[in-house]
Amino acid sequence: MRRPSPLSLLQEHLGTCRVRVHGASQGAGFFVAPGYVVTCAHVAGAQTGTRVPVFWKGTEFEGSVLTASAPPRGRELWPYPDLAVIQLLGAPVDHPCVWLDTVPPSHGADLTAFGFSDIYEPGKASERSAALSRGGTTEMQGGRMLELVGGEVNKGLSGGPVLNHASGGVCAIVKATRLKNTAMGGVGIPVNALRLLDAEVYRALIRAHDAFHGQNDQWTRLSDRAVENGAPGITESLGAVLSLTEERRLLAIFSQMPPEPMDEGPLAHRAGDEGESGGRPSGTSSHHAAFFAAAVEGARVPEDYPLLDHRDVFTELAAQMPPAAGQLPYELAFAADLVRRAATAGPACQGAVQQLRDLVLITAGRLGVGEKVQQRLAQGPAPEAQASIIGRIRHSMRDRRLYHVRVWRYRSASDIEPAAPESEALPLNQAVEHLAALLPEQIEIMGGATCPGLIELILPKEVLDEGFADLSLWPQMHWFRLGHKQRVVVRPLERHETPALHAAWAKRWQQLDGKAVSEMVVCVCGRGDQHQAALDASFESDPTLAALALAGSPQSQPVSDAYQVAVAAGVPMMVWRRGSPACERGDGGRCGVPGRRACPGNGFFTELCATLSDTRRDDLPERIRKLRVDAHKPPRREGHLGDDIVLLWDDPRRQIPRSRLAPAQEGRS
């Protein structure tokens, strides 16, 4: 007797997860976790708390909108991501839930969209599924949409799930048709865009989703059979990677692990608002730190969606190009790190921690990397992070002639506290004054002026040479200078706002670990054969180039050009004299590529190497502070190394919530 194909059984099961939503408009939705429905905001409505009728198997249930994207300002399509989460009040018992697939389908992949249609019976919504395939990617309203091609995407499919046949998971949510009543398809929203909604709601939703599938394997049994039937041997062909079953079991345990604290509490920014993250919730720095710790080599930081939970770090790491043979898969390394970090969690979590440890060891043994994971689990806790005050000046998203100021208190990667709201857009001189006005109170909170602490200033290039170290912030003690009492360092805003530059940055920072700065530092001036193309080639071919003595200020040419290349190449440490012009070689010769141990024209470089002969990377901010103090000891010497010295010290592990900048404009919008 002929039996239904595994794919048709999976499609039938997905159909039972579908619901009808009557909100701002009528459309579809689907169960993602017990009592939770995902749909489009233009279907549910944007107002949090709105009661919405939801129909499942002919029965009406009352739902409440927990979070939704902002509505449009005019008559255009709803802004990205156009998603909403509804919680049912009195949800049906034992309803099924879909499995969310966070990896976008490949071009040409077969898809099925589920929803409703009244084409044949106007006014009566009948269940409909549409056979489609993945086209390209369309940029819409600041986000990436998946093109759904090869069939009709009618209005009643909006908010419905899109099944990827190759993975056996729901990869997208239907948003809109391309042209009504045609087979020209439409667009879908990737499921990862759920991370752009309220962070607390997302975390509750995704943890409930993973916990459900950890207890109920109906979907996974059907999807695994469908995937194996469609692509036999696919798991074996990928080599030493985690199986789908192992991934799901790990995610189910993650849902029970202690969560990391949010940066700023629940976030529900509206798309288009100017503020932190430009209308997108920001991921916690602790999750970014965990991402880098598990995959420094070859890691590509997620650019579009924040990291809000352990699952997000895991799935983003799993989507990387696998490491070399015999190395720990990135996502397994992260799971081992999570075991280590959670070792001191409360008794309520110890069962989950032990389950996670056991599964990590079993999985590593199957992959032949048991010894490596044992070593990782045995590592002691990471060294305690140096507390600091982090101040940032960044361009206004509406007018690059104006700047916003923000300050945080940094105690660890998981403990970053905003000190004050971001300022309004200010002219540069007022922005610098505002930052200076915020610092004394924060220094007092962090230990006081006479307790040397770290002050990290994330600045655009045009602000680097402001005299922050010479600021006098205590009127009653006018002789106090900020750079004498505190370890003042600068960091390049451009790199912090460009995630594509982070991988090289992390690699070069590692090159400096444990080494004397004098062994690593080289002189760069931008003159002669140090033009930008040559410098880029030098940095590209030599990852050990990680500490530079600039032969002049980044505000002066051609040092300015060299500085830009160094920032893009990920150089994390630079030293220069504030306001100094580019040096000229006394012998008239040309300057070659970096790496020379001597420079006839730069006495600053020679003196710097001699002075820092025994200074290590992590000790440099304190050494520079002492040099600033020494420069004012009597008898005062003109041209002392500590005079006007600026230290760029940019630790990639110490990150604040990333801001997303709007395109630059010449004037006000």
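Residues numbered from 1 in each chain as written. Predicted model: local features only at pLDDT ≥ 70, side-chain atom pairs only at ≥ 80, totals over all residues. Heavy atoms only, no water.

S.K.: When you look at the overall build of the protein chain in this model, what are you seeing that I'm missing?
M.R.: Broken down by element type, the protein chain carries 20 helices and 21 strands. If you take every contact in the protein chain between residues at least 6 apart in sequence, the share linking residues at least 24 apart comes to 70%. Of the accessible surface of the protein chain, which amounts to about 28,100 Å², a share of 51% is contributed by carbon and sulfur atoms. (Helix = DSSP H or I, 4+ residues; strand = E, 2+ residues; numbered from the N terminus. Contact = heavy atoms within 4.5 Å. Areas by Shrake-Rupley, 256 points an atom, 1.4 Å probe, with all protein chains shown as cover.)

S.K.: Is there a simple way to think about the sheet that holds strand 7 (residues 110-117) in this case?
M.R.: Each strand in a sheet pairs with another by means of backbone hydrogen bonds, the pair being arranged parallel or else antiparallel. Here we have six strands rolled up into a closed barrel, ordered 7-8-9-12-11-10, and antiparallel in their pairing. Strand after strand, the sheet turns through a mean of 45 degrees between neighbouring axes, direction not considered. As paired strands, strand 8 (residues 126-140) and strand 9 (residues 143-149) are joined by six bridges and run antiparallel to one another. In the strand pairing of strand 9, T138 is matched with M145. (Pairing = 2+ DSSP bridges. Axes fitted to C-alpha atoms, helices over the stretch in contact; angles between N-to-C directions.)

S.K.: It is not clear to me how the side chain of R394 should be interpreted in this structure. Could you clarify?
M.R.: Along the chain, R394 falls in strand 13 (residues 388-395). Take R394: its relative accessible area is 0%, and that puts it in the buried class. (Buried < 20%, exposed > 50% of the residue type's maximum accessible area, 1.4 Å probe, protein only.)

S.K.: Before we go on, may I ask you to explain helix 8 (residues 310-318) in this structure?
M.R.: An α-helix turns once every 3.6 residues. As a result, residues three or four positions apart point the same way. Most of helix 8 is tucked away: eight of the nine residues are buried. Looking at helix 8, one finds that the buried residues are H310, R311, D312, V313, F314, T315, E316 and L317.

S.K.: Mind showing me how you'd approach the environment of Y80 here?
M.R.: Relative to the assigned elements, Y80 resides in the loop between strand 5 (59-68) and strand 6 (84-89). Here Y80 falls in the buried class, since its relative accessible area comes to 4%. Between the alpha carbons of Y80 and S69 there is a distance of 7.3 Å; along the sequence they are 11 residues apart. Among the polar contacts made by the side chain of Y80, one reaches the main-chain carbonyl oxygen of R144 at a distance of 3.3 Å. (Polar contact = N/O pair within 3.5 Å; in protein donor to acceptor, adjacent residues only side chain to side chain.)

S.K.: What is the right way to read the packing of aromatic side chains from this model?
M.R.: One pair of aromatic rings is described through two measures. These are the centre distance and the angle between the planes. Under the counting rule described, the total for this entry stands at seven aromatic pairs. Both rings, one in F254 and one in F314, keep their centres 5.4 Å apart while their planes meet at 70 degrees; by these two values the pair is edge-to-face. A residue pair is termed long-range when its members are at least 10 positions apart, and F254 in helix 6 (residues 244-254) and F314 in helix 8 qualify at 60 residues. Across the pair, F314 and F254 agree in class, each one buried. Each ring, one from F254 and one from F334, has its centre 5.8 Å from the other, and the planes form 75 degrees; the classification is edge-to-face. Here F254 is found in helix 6, whereas its partner F334 is found in helix 9 (residues 330-341), with 80 residues between them in sequence. Its relative accessible area of 0% is what places F334 among the buried residues. Residue placement shows R20 over the ring face of F55; its charged tip is 4.5 Å from the ring centre. (Phe/Tyr/Trp six-rings, centres within 6.5 Å; stacked < 30°, edge-to-face > 60°. Lys NZ or Arg CZ within 6 Å of the ring centre and 35° of its normal.)

S.K.: Quick question: what am I supposed to make of the pattern of salt bridges here?
M.R.: Close approach of charged atoms lets side chains of opposite charge pair. In total, this model carries 32 salt bridges according to the counting rule given. Between R51 and E62 there is a salt bridge whose closest N-O contact spans 3.2 Å. Linking R51 in strand 4 (residues 51-56) with E62 in strand 5, this pair joins segments that are 11 residues apart in sequence. Judged by relative accessible area, E62 falls into the partly exposed class, the value being 38%. (Salt bridge = Lys/Arg side-chain N within 4 Å of Asp/Glu carboxyl O.)

S.K.: Mind showing me how you'd approach the packing of helix 9 against helix 11 (residues 370-378) here?
M.R.: Two quantities define a packed helix pair, namely the angle between the helix axes and the distance between the axes. Taken N-terminus to C-terminus, the directions of helix 9 and helix 11 make an angle of 30 degrees; their axes are 8 Å apart at the nearest point. Relative to helix 11, the crossing made by helix 9 is right-handed. Within the contact between the two elements, helix 9 uses A333, A336, D337, V339 and R340 and helix 11 uses V373, R376 and L377. Counted by class, the contact of helix 9 with helix 11 contains five nonpolar, no polar and three charged residues. (Left-handed = near helix turned anticlockwise from the far one by under 90°. Nonpolar A, V, L, I, M, F, W, Y, C, P; charged D, E, K, R; others polar.)

S.K.: Sorry if this is basic, but what is going on with the packing of helix 6 against helix 9 here?
M.R.: Running from N to C, helix 6 and helix 9 cross one another at 30 degrees; their axes reach a closest spacing of 12 Å. Taken together, the axis directions place helix 6 and helix 9 in an arrangement best described as roughly parallel. Considering how the two elements wind past one another, helix 6 and helix 9 form a crossing that is left-handed. Together, E247, L250 and F254 of helix 6 and E331, F334, A335 and L338 of helix 9 make up the contact between the two elements. Of the residues assigned to the contact of helix 6 with helix 9, the class counts are five nonpolar, no polar and two charged. (Parallel < 35°, antiparallel > 145°, perpendicular 65-115°, else oblique.)

S.K.: Before we go on, may I ask you to explain the sheet that holds strand 6 in this structure?
M.R.: An order of 1-2-3-6-5-4 is seen for the six strands of this closed barrel, with the pairing classed as antiparallel. When the angles between neighbouring strand axes are averaged without regard to direction, this sheet yields 40 degrees. Contacts from helix 3 (residues 199-215) reach strand 2 (26-33), strand 3 (36-39), strand 5 and strand 6, with the element oriented near 65 degrees to strand 2.

S.K.: Any chance you could explain the pairing of strand 7 here in plain terms?
M.R.: A regular strand carries its side chains on alternate faces of the sheet. With respect to burial, strand 7 is a largely interior element, seven of its eight residues being buried. As judged from the eight bridges shared by strand 7 and strand 8, these two strands associate in the antiparallel manner. The residue of strand 8 that forms the bridge with S117 is S126. Pairing of strand 7 with strand 10 (residues 161-164), which is carried by three bridges, proceeds in the antiparallel orientation. Residue pairing across strands places T112 opposite L163, the latter belonging to strand 10.

S.K.: When you look at unusual backbone geometry in this model, what are you seeing that I'm missing?
M.R.: What is expected of a backbone is that most residues other than glycine have negative phi and most peptide bonds are trans. The linkage connecting Q557 with the following residue, P558, adopts the cis geometry, with an omega of 0 degrees. By the secondary structure assignment, P558 is in the loop between strand 19 (547-550) and helix 18 (559-568). Residue P635 is bonded to the preceding P634 through a cis peptide linkage, with omega at -5 degrees. Summarising the element assignment, P635 is placed in the loop between helix 20 (620-630) and strand 21 (645-649). One non-glycine residue with positive phi stands out, namely D82, at about 55 degrees. Here the phi dihedral of D94 falls at roughly 60 degrees; this positive angle occurs in a residue that is not glycine. On the basis of relative accessibility, which here comes to 73%, the residue D94 falls in the exposed class.

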